[in-house]
Amino acid sequence: MTQQMRDTADIIGRDDVNDLEAILSVVNTDADEAVHAVESVYDTIFTWDYEKGQRPKLDKLYEKAKRAQWNGQTDLPWETEVDQEKLVVANAVANGGFTDGIDVSGTALAHWGDAEWIRFGIESQNWTLSQFMHGEQGALVCTAKIVESVPWIDAKYYAATQVMDEARHVEVFAKYLDDKLSGHYPINAHLKLLLDDIIADRRWDMTYLGMQIMVEGLALAAFGFMHQMTTEPLLKQLLRYVMSDESRHVAFGVLSLQEYYQQLGAAELRERQEFAFEAAVRMRDRFLQQEVWARMGVDPKEVAPLLEQVPDRQVFQSLLFSKIVPNCKKLGLLDAADGWLRERFTEIGVIAFEDWADTGEEYDTLQATGTDAVA
Ligand SMILES: [Fe+2]
Ligand SMILES: [Fe+2]
């Protein structure tokens, strides 16, 4: 039996997607835990059909992945000196100062001088890279689960290469944090909720939808921005390498789900739409960086409204969905069930990207330069 159609409150735990109070009330209560267990009951699938290349596009991707392996220890210039403070200051100068365009008078930030803003910039970078690292572990675990649960041999083969890729990504982000930055953050509560939901679902295609389409789609855009913005050569190269793998991972999701979704009925597609919407909101909620404000001794509730004034913030945030929306469209998820997901994406201001290049189209370009980079 399929479940009842759910409303926004059932899916994300609040009626209004923009309810700041509700968003900030979600906090990580197990920040000191050393391990985190998620219960998941699902079928591990053996297939006795070993014929390689039945799904030629997946097979091609697998062959490419084997050639594109790189070594996180030896292929990156780890000897590069990183001066975090200098980078934060240079970045602020390039953007016209720390508070350009924001009126902080009457708030806790009114008393902040350069020292506090520099500290904030450093904490913010530590937080961002920590979340990348945690997200990469999510990808590692999810993809290992896909190896077990997907029924097609070509997909099991490909997913096995992605497991190796993700191990390398966790490794390089952890090393960058330890060797070059100045502290870790626990996983953000919203990201944790999302990863838990993805890994707990027993349906193999939901792992793909949550991870390859949503989380990795957003990561690909976020890594792209950071790669463009950063002036730090080690991080730039690290991101370039990671991105060349990520574009393949997102393409793996699109190729696999395209075939599978063709045989699903309207009610089943609606469940996928709801899952995509939930993932989009969780990822959006994380943009507030509430743990950074808390560590700086500032109430996130006080500063969250100020963030609205940051020039281009809305544009920047919605651009993070520029890979996800075209890929959802390609999978038929925008317009199934009377366009339910199209309406939700319109509400959260990201529908404008529907006709941007999907990862299938874009993949060859990225891969061509990516393979050069790691040759
Ligand atoms: Fe990754
Ligand atoms: Fe990935």
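First things first, this report covers the structure right here in the doc. (Residues numbered from 1 in each chain as written. Chains lettered and ligands numbered in written order. Predicted model: local features only at pLDDT ≥ 70, side-chain atom pairs only at ≥ 80, totals over all residues. Heavy atoms only, no water.)

### Digging into the packing of aromatic side chains
Alright, step 1. Scanning the model with the defined rule gives 20 aromatic pairs in all.
Alright, step 2. With a centroid separation of 4.7 Å and 40° between ring planes, the pair formed by Phe 225 and Phe 316 is classed as tilted. Taken together, the residues Phe 225 in helix α8 (residues 204–229) and Phe 316 in helix α13 (residues 313–319) connect sequence positions 91 residues apart.
Alright, step 3. Judged by its relative accessible area of 18%, Phe 225 falls in the buried class.
Alright, step 4. Among the aromatic residues, those joined into a cluster by ring pairs are Trp 152, Tyr 158, Trp 204, Tyr 208, Phe 252, Tyr 260 and Tyr 261.
Alright, step 5. In this structure, Lys 145 packs its charged tip against the face of Tyr 42, placed 4.5 Å from the ring centre.
Alright, step 6. The aromatic ring of Trp 340 is capped on one face by Arg 344, whose charged end is 4.9 Å from the ring centroid. (Phe/Tyr/Trp six-rings, centres within 6.5 Å; stacked < 30°, edge-to-face > 60°. Helix = DSSP H or I, 4+ residues; strand = E, 2+ residues; numbered from the N terminus. Buried < 20%, exposed > 50% of the residue type's maximum accessible area, 1.4 Å probe, protein only. Lys NZ or Arg CZ within 6 Å of the ring centre and 35° of its normal.)

### Some words on the coordination of the iron ion (ligand 1)
Alright, step 1. Coordination of the iron ion (ligand 1) by the protein involves Glu 136 (OE), Glu 166 (OE), His 169 (ND1) and Glu 246 (OE), with metal-donor separations of 1.9 to 2.2 Å.
Alright, step 2. The distance between the iron ion (ligand 1) and the iron ion (ligand 2) is 3.0 Å, with Glu 166 acting as a donor to both metals. With Glu 136 in helix α5 (residues 114–149) and Glu 246 in helix α9 (residues 233–261), the pair connects residues that are 110 residues apart, well separated along the chain.
Alright, step 3. By relative accessible area, which is 3% here, Glu 136 ends up buried. (Donors = N, O, S within 2.8 Å, 3.2 Å for Na, K, Ca; no water.)

### As for the layout of surface pockets
Alright, step 1. Of the pockets and cavities examined, the largest pocket occupies roughly 1,900 Å³.
Alright, step 2. Along its surface, the largest pocket is lined by 49 residues, and Asn 91, Asn 95, Ser 124, Gln 289 and Phe 316 are the ones closest to its centre.
Alright, step 3. Looking at the lining of the largest pocket, the elements that each hand over two or more residues are α4 (84–94), α5, α8, α12 (300–307) and α13.
Alright, step 4. Of all the elements, α5 adds the most residues to the lining of the largest pocket, at 9 residues.
Alright, step 5. In the lining of the largest pocket, the residues fall into 31 nonpolar, 13 polar and 5 charged.
Alright, step 6. The space that makes up the second largest pocket amounts to roughly 520 Å³.
Alright, step 7. Contributing to the lining of the second largest pocket are 22 residues, with His 36, Gln 137, Ile 187, Lys 192 and Leu 195 lying nearest its centre. (1 Å grid on protein atoms, 1.4 Å probe; cavity = no way out; pocket = protein on both sides within 12 Å on 5 of 7 lines; lining within 4 Å. Points joined across faces, edges and corners; volume = space filled by probe spheres on them. Nonpolar A, V, L, I, M, F, W, Y, C, P; charged D, E, K, R; others polar.)

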